[in-house]
Each structure stands twice: as C-alpha cells, then as structure tokens.
Amino acid sequence: MKAARAKTPRRPALKKPSNPSLKDPVGVYCRVRPLSRPDQECCIEVINETTVQIHPPEGYRIFRNGEYRETQYSFKEVFGTLVVQKELFDVVAKPLVEDLIRGKNGLLFTYGVTGSGKTHTMTGSPGDGGLLPRCLDMIFNSIGPFQAKRFVFKLDDKNGVDVQCEVDALLERQKRDAMPVPKTPSGKRQIDPEFADMINVQDHCKVEEVDEDNVYGVFVSYIEIYNNYIYDLLEEAPFEPIKPKPPQSKILREDQNHNMYVTGCTEVEVKSTEEAFEVFWRGQKKRRIANTQLNRESSRSHSVFIIKLAQAPLDADGDNVLQEKEQITLSQLSLVDLAGSERTNRTKAEGNRLREAGNINQSLMTLRTCIEILRENQMYGTNKMVPYRDSKLTHLFKNYFDGEGKVRMIVCVNPKAEDYEESLQVMRFAEMTQEVEVARPVDRPLCGLTPGRRLRNQAFREELSRRLEMRGGPINGETEEQSVSEMFLQNFPPLPSCELLDVNDDQTLPKLIEVLEKRHKLRQMLSEEFAKNVLAFKTMLQEFDSSVISKENYIQGKLSEKEKTISGQKMELERLEKKIKTLEFKIDILEKTAVIYEEDKRNLQQELENKSQKLQRQASDKRRLEARLQGMVAETTMKWEKECERRVAAKQLEMQNKLWVKDEKLKQLKAIVTEPKNEKSEKPERPSRERDREKPVQRSVSPPPVPNAPPVRLRHRRSRSAGERWVDHKPPSNLPTETVMQPHVPHAITVAAASEKALAKCDKYMLTHQELASDGEIETKLIKGDVFKTRGGGQAVQFTEIETLKQESPTGRKRRSSPSNADPPEGAADSEWTDVETRCSVAVEMRAGSALGPGYQHHAQPKRRKP
C-alpha cells in the first residue's frame, strides 16, 4: 500500500506592484455616430469638447404630459459625428499602446446600445481602420527591428512566459516548417483582400522611446463571451461532416499573481500587422452575430481581443536573450467590443435571440453593479464586496479595477430619437464610471545591465567587417571558408598520374617529385603569408582594443557623470519622499483630528437634540401643571367664596342672637325696675327667636372663627379615653432656654424631622420654633395641631393654636412664661383668632409610599373647632 503523499504548501503569490496612493480615474470618452437619414429626429447634441446634451423627443414629451427636461453629461472628451478614426485613436488608444510597450497593462472597451457604432469604432471599415488595426500597426512599427526570432518566447499554460535558447527555438521552427501546410514568411504573405484596406494605415505611428536592448515577442488571442460562457474563436476544431461537435467552453483560472486568464486558449505568435489582423479576421468570422430589428449585424456576444507583449533583455554581450525568467516582462492590452444593451420589445426577439438578449443585459447589469459598489467603497469608505464572480465578463477583468493597468471606456451613442431612453441609461452609467479610481501601476525595474549593448555589438561587427574588407579579406565567415578552399584548389598544381605501368618508366616519378616540390614551395609561401596576415590581424586587434578601451574610458566618464546626476536626483527623490511622508503624516493627523471633531460634533448634536427634547417635555409638563394649578386655584377660589358667604351668614346670625340677648336682658331689667320688689315676677316665655337659636345650626365644613359659636367638625374625633399621643418636633437648630416653665408633653415621640411613620402613630403634633424678638430676646413658639388621615393614604396636620415662651428684663415689663390670662376684648379675640386661623390653616399631606417629605402638597382647609 502506497503512503499518502503530503501536499506541498502553496507558495504565497507575488502581486504585481502598484502604487495605491496614486490613482487615476477611469477615462470615459463619448462618440456620437451620425444619423442614418438626414430627416431623422435627433435627441443628442454636442455642446463642447467635453459635454453633450440629451433632450426627450417630441413624442416622448407628449406621452409624458408635456414635461420637457434637458440633461447635460460631461466626459473626458466628446467626439462628434465628423471625427475620424485617427483622431480617436491618438487620444484614446495611443497612450495604452505606449504603456503596453513600457510593460503596463491596459483595458479598452466600447459600450452602448445596439447599433451605436461600437464594432465600427473597434474594427473599422474598408479604407478606414478602427482602433484594433491601428494598435497593431503602432506596436509593430515600434518594435519591428527588435523582435526576437519565432519561438524564442514560449507561453506556458499558466499565464506565464518562458525564454528558450537559440537551439530550442530553431528546433521549434524546423518542426513548424515540416508541417503539411507550410507557413509562408510574413514578407511574402498574400493579404486577404477582404480586410486589406482596413490595415493599410499610412500614418506609421510609433512609440518614440523603445528600449533597444530588449527583444520583443507579440502573441494574440481572441475569445467571446456568449450566454455567460467563454469560447475560443481561434480554436481549430476537427471537421466532422456527419456530426459536428459544438465548441467547448473555456474556464477562468487565477495565476500565481492573482490575475485571471482563460485556460486552454489559443495564443498565436505574430510577427507583423498583416499576420495579426489575419488571425483576428479568422476569429471574427466565427463570432456570433444575428439580424435584429435594430441592427442587421448585431453582436450577440462580448468579444475580447488580447494582445500580449513579452520582452526580455539581451545579455551583456548584446548577442543573445538573457536566460533568466525573472527578467521577462509580460504586458497585456485587452480590446473589448461589448454587445449592445437592448430592449426586447423593440428588437422583437424570440427564442434564442430572447435568451441571448437576457444574458447580454444581465452581464451588463453586473458590470454596472460592480462599478456602483466600487464607487461607493471609494467615496464613502465602505468595504462592500464587489460581485465580480456574478458574470464572466467582470470576473475576467477584475484585475484591472484592482490596479493592474489603465481602464478606458468609449461610450458610443446613436442620436436618433428612438434610442432616447436607452441612451439616457448609458449616459448615467458612463457618468458614474468616471468617479471610479484605479490604482496606478509602478514602472518595471531596470535589469541592471549596461545600456546600449545592442548598438555596441552591432557597431563592433560592422567595424570588423569593414577592416576585413579593407585588407581584402572576407566579409563574413562563410565567404572566408569558401575563399580559402578556392585559393587552395586554384594555387596548388594538379597531381600527375601516379600509376607505374612499366618497370622501366622513368618519367612518372620525376614528374611527381617536381609537382610535390612545387607544392611544398607554395605551402611555404602560404605559411609565410599566413604568418604575415596573423601579425597584421594581431596589430589590427590591438588597435581595435585600444580604440575600444578609449571608447570605454569615454563611456565610463559619461557614466560617472550620469551616476552623479542620478545620485543627485536620488537624493532629491529621497528628500521629496521624506517630505511626502511628512505631509502624509500631517494629513493622517488632520484626518484623525477631523474624525474626532466630526464625532464630537455628532455627540454634541445628539446631546443638543436630547436637551431640546427634554426642554420640550419640561415645557409640556409645565403647561400641564399650570393648567392643573389654574383648575385648583379656580376650585379653591370658588370654595372660599362659598365659605366667606357662609361665614358672613353665620356672623349675621350670631350678631342677631347677641342683639336679641341684649334686648331680653334690657326687657328683664326694665321689668324688674318697674315691678314692685315683693311681687313675684314670672319668668317670661322665651320667644321663638331664642328657641330657634337654641336649635342646632347646620354648619359647613369650615367653621367660623368665632369662639362663642364654634362650628361642629364633620370628621370623627379620636376618643379621649384611649389617650392622646404627641409628636414633639424639635429641630436640631433650637437652643436651650433658661425659663422656669419648660414645655412638657406626656406620651410624646420626640423627632428632629417630621416623618410619615411618626405621624401615623400619634394624634397630636407640636413644633418647637425659635426666633429673635424685636428686643433681642429669644422667643420660643409652640405650634400645635391635630393629625388626621387623608384620602390619598397619607397624614395631614391641621394647626390649632400657638403658645409663646419669652423672657423679658426686670427693669421693663413683667416677664411672662405663658400667654396672659386676661380676657381680651371680644373683637380682639375675634381678630386674633382670625389671624391665627389664616396663618395656621395649612395642612401638610404625604401620600402613602411617597419618597417626598412633608410639605409636598398643601390643602387650604380651615380647622373646625370643637363646640
């Protein structure tokens, strides 16, 4: 039994470097195609070089109840109906080709509704090539002299590239030449007249700064995304006339650098613009197109033409490619022709066409969703997951939006009125895409070898050939070998016949000896000539070495100057980097401070809102309390008015009784005076008025303040037989007095502060209060009252009388320890009682279970004195 093999741990992938601090927005351009007929209604107007204006057509305004609304959209640049393909290429695609040759990736895609000119913009028409053939032409114009031989670069199946030595590449070329259908060289290739006019570009556009010490190889591939499946348009399937096999879909994989690629995709190495465009045209014939109501040749799939450029440096001698895989740079330019978004009610699609339209719209909707989430993450700092995997289109190009190269989009619009609503959606999507930023990729590092190696090697070979030609020598090694062989054959005399037919033959041997001697002399002459040539060649080599040394010294001097300049620039860069770091640190501090201030601002706003709500609640409580107090005041006022009326009536009745008593006394006195003393007087009959007075008078709840006729208390009095208990309330701030008569209350509970518990156990309440009199003596007042339960379950105290203890000086009035026993006048007693009742008729109510102390609520009910 074999042991299970342990899995090799996966090496962490090396991500292609990018600079996250430097970001470029997605470049969005707009191209307006001309109208098909001059009498068509137009809904899009070019305002200036960066702005277009879209307005609803006439029928749309009538249908929408006459509302008219014009909308303007801005782009990086707008190309009108008269713009030629070259101008569009120079602005949009040329920078991407320059980045491709410098080792950076690029993505260019056309977006728009069906029939807006996307395929025409990308491919072109006879006599007017589009962006794709112009990109190919610029690439080969730039790297033409520096291309590597075929099969020096070899792509692997993991989205990588290897470099082969000359021997392996030669074997690969021999295998290719031995194929049944030999490939003609690119110089002798017959161009297909179907697309010959498209690639006949006379501009000869090229990149100015191309690294001449590198060799380059170009590979192209062509795929389409149809119904969310990927198909290879360059795959050569075997022809089976009986039962042809459908094309097999490809799958997406991720390489070691986390870049997405299509596995098993055919990648063809091309050496010229004609060969590359022929490969593209071969795949274009397989692309799925169909006839719809909006376009006679409508693209039913998204096509992606990928141009890969492999470049590797030459070795130190400038002869061969450096055999180091780490020094190989592989850059990629993807040209995408998206299928048009469309509405099925306008295209009248059915069956397969309807399913195709649904998949096209779904993939475009996924692209829009990804752009929206990217924009939201960048603008608001969120970290939402971008759904790249929902569509093959977005999954294939997710690396570009993650910072793997420039992204540019050309929005193609048709200004006809029928496409108004679709064009409006396209404009909104394009405007949103401009707000997405992509990290800028960094430049590739230098290989570290001396620049100018190719030119130096080429100059050396030219100088060597020139010197040899000046001395009459051969120009190249092949000619040298041919000249030496011809010289030997021509200078050496031919050998005579060596056959001895007769013993006595004395001519053959002497002739042979003579010929051999001549050959020996000629050999010596050739040896001397060869020695002279060797000496001359050595002299020439020495001169060449001295010239090379002088040139090297000159180059070293130049290099030292350049190195000094580079060192100065490096120091300047370091200084600027330090300054940038300092500024970034300050920016971080300011951002953190801003965040703190924002947080404080939010907290203060929240606190302000809470305080405002609290104030509003307090104001509403205050209004309710005011309304309640107003009601209580009105109720109390009404009760006192009734009480005053009752007291006035009682006082009138009392005064009438007093007058009647006085009248009776006067009558009796008059009768005694007038009648004889011995006559026994009879007691007069009491008038009905006196009888009426003796009858009990119904009193109200609040008694009158007259002591002679006290009102009856309605509540039941506690039985005196049970004994009365007092609450002796002595505040701790009272001072002891030296009076002989001290207040003493039996059965009292002495407390420092009134409590509901103590009041519940007692019947009487006494408060000891001290204050400073006008003469400077301490005056002690004993305020007494009755305790009774309230309806709320608490205890209330109704004050009944006040006793005063006061000391006086012996030189003045008499000192008294209790109130005077002299009977005051009747009116004075009434006024004094009325004053005491007014000041002491406030009861304190405490609800059962309340945490508030006494005095929370006051009820102005006058006391009722016992009869």
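Here the structure is a predicted model, which means the values were calculated and not measured.

J.: In this structure, what is going on with the pattern of salt bridges? I would like to understand it.
T.: Charged atoms that come close allow side chains of opposite charge to pair. Applying the stated rule across the entire model yields 30 salt bridges. Its salt-bridge partner being Lys518, residue Glu514 comes within 3.8 Å of it at the nearest N-O pair. With Glu514 and Lys518 both in helix H14 (residues 508-674), this residue pair falls four residues apart, about one helical turn. The partner of Lys730 in a salt bridge is Asp728, with the nearest N and O atoms 3.6 Å apart. Lys730 gets classed as partly exposed once you look at its relative accessible area, which sits at 37%. One connected set of salt bridges, linked through shared partners, spans Glu643, Arg646 and Arg647.

J.: How do you make sense of the sheet that holds strand S3 (residues 44-46) when you look at a structure like this?
T.: Backbone hydrogen bonds hold the strands of a sheet together, and the pairing may be parallel or antiparallel. Ordered in space as S3-S4-S5, the three strands form an open sheet in which the pairing is antiparallel. The strands lining the two open edges of the sheet, one partner per strand, are S3 and strand S5 (71-74). Within this sheet the neighbouring strands show an average axis-to-axis angle of 25°, counted without direction. In this sheet, S5 lies alongside strand S4 (residues 51-54) in antiparallel orientation, the contact comprising four bridges. Bridging from a neighbouring strand, Ile54 pairs with Thr71 of S5.

J.: I tried to follow the pairing of strand S21 (residues 329-337) on my own but got confused; where do I start?
T.: Regular strands show a simple pattern: their side chains alternate between the two faces of the sheet. Counting buried positions along S21 gives eight out of nine residues, so the element sits mostly inside the fold. Looking at chain direction, strand S20 (residues 302-313) and S21 are connected through nine bridges and run antiparallel. Its bridge partner being in S21, Ile306 is matched across the sheet by Ser334.

J.: How should unusual backbone geometry be read in this particular structure?
T.: Excluding glycine, a negative phi dihedral is what most residues carry, and trans is how most peptide bonds are arranged. Unusually for a residue other than glycine, Asn227 sits at a positive phi of about 55°. If you trace the backbone, Asn227 turns up in the loop between strand S12 (214-226) and strand S13 (229-232).

J.: Please clarify how the environment of Ile373 should be interpreted in this entry.
T.: Here Ile373 is to be found in helix H8 (residues 352-380). Among the residues examined, Ile373 registers a relative accessible area of 15% and is labelled buried. Taking the C-alpha atoms as reference points, Ile373 and Lys384, 11 residues apart in sequence, are found 6.9 Å from one another. Dropping the residues within four chain positions of it, Ile373 is found in contact with Lys384, Met385, Val386 and Pro387.

J.: Could you clarify how one ought to interpret the packing of aromatic side chains in this entry?
T.: For any pair of aromatic rings, geometry is given as the distance between the ring centres together with the angle between the planes. Summed over all chains, the structure comprises nine aromatic pairs. Between Tyr222 and Phe305 the ring centres are 5.6 Å apart and the planes differ by 80°, which places this aromatic pair in the edge-to-face class. Taken together, the positions of Tyr222 in strand S12 and Phe305 in strand S20 put the pair 83 residues apart, joining distant regions of the chain. Exposure remark for Tyr222: the relative accessible area of 1% places this residue in the buried category.

J.: Quick question: what am I supposed to make of the packing of helix H2 (residues 85-101) against helix H4 (residues 131-143) here?
T.: Each packed pair of helices is defined by two parameters, the angle between the axes and the distance between the axes. The interhelical angle for the contact between H2 and H4, taken along N-to-C directions, is 45°, at an axis separation of 9 Å. Relative to H4, the element H2 lies oblique. The crossing of H2 and H4 is right-handed. Counting all contacts with H2, which are made through Gln85, Lys86, Leu88, Phe89, Ala93, Lys94, Val97, Glu98, Leu100 and Ile101, the residues of H4 involved are Leu131, Arg134, Cys135, Met138, Ile139, Ser142 and Ile143. Classifying every residue of the contact of H2 with H4 gives 11 nonpolar, two polar and four charged.

J.: How do you make sense of the environment of Thr51 when you look at a structure like this?
T.: Along the chain, Thr51 turns up in strand S4. As a C-alpha pair, Thr51 and Val78 span 27 residues in sequence and 6.6 Å in three-dimensional space. With residues up to four places along the chain from it excluded, the contact list for Thr51 reads Val46, Gln72, Tyr73, Ser74 and Val78.

J.: Explain the sheet that holds strand S24 (residues 726-729) to me, please; I cannot follow it from the model alone.
T.: The mixed open sheet is built from five strands, whose spatial order is S25-S24-S26-S27-S28. The sheet is open, and its two edges are formed by strand S25 (748-751) and strand S28 (795-806), each paired on a single side. If you compare each strand with its neighbour and ignore which way they point, the axes differ by 25° on average. As paired elements, S24 and S25 share four bridges and run parallel to each other. Note on S25: the bridge partner recorded for Trp726 is Ala748.

Parameters at a glance
- Residues numbered from 1 in each chain as written.
- Predicted model: local features only at pLDDT ≥ 70, side-chain atom pairs only at ≥ 80, totals over all residues.
- Heavy atoms only, no water.
- Salt bridge = Lys/Arg side-chain N within 4 Å of Asp/Glu carboxyl O.
- Helix = DSSP H or I, 4+ residues; strand = E, 2+ residues; numbered from the N terminus.
- Buried < 20%, exposed > 50% of the residue type's maximum accessible area, 1.4 Å probe, protein only.
- Pairing = 2+ DSSP bridges.
- Axes fitted to C-alpha atoms, helices over the stretch in contact; angles between N-to-C directions.
- Contact = heavy atoms within 4.5 Å.
- Phe/Tyr/Trp six-rings, centres within 6.5 Å; stacked < 30°, edge-to-face > 60°.
- Parallel < 35°, antiparallel > 145°, perpendicular 65-115°, else oblique.
- Left-handed = near helix turned anticlockwise from the far one by under 90°.
- Nonpolar A, V, L, I, M, F, W, Y, C, P; charged D, E, K, R; others polar.

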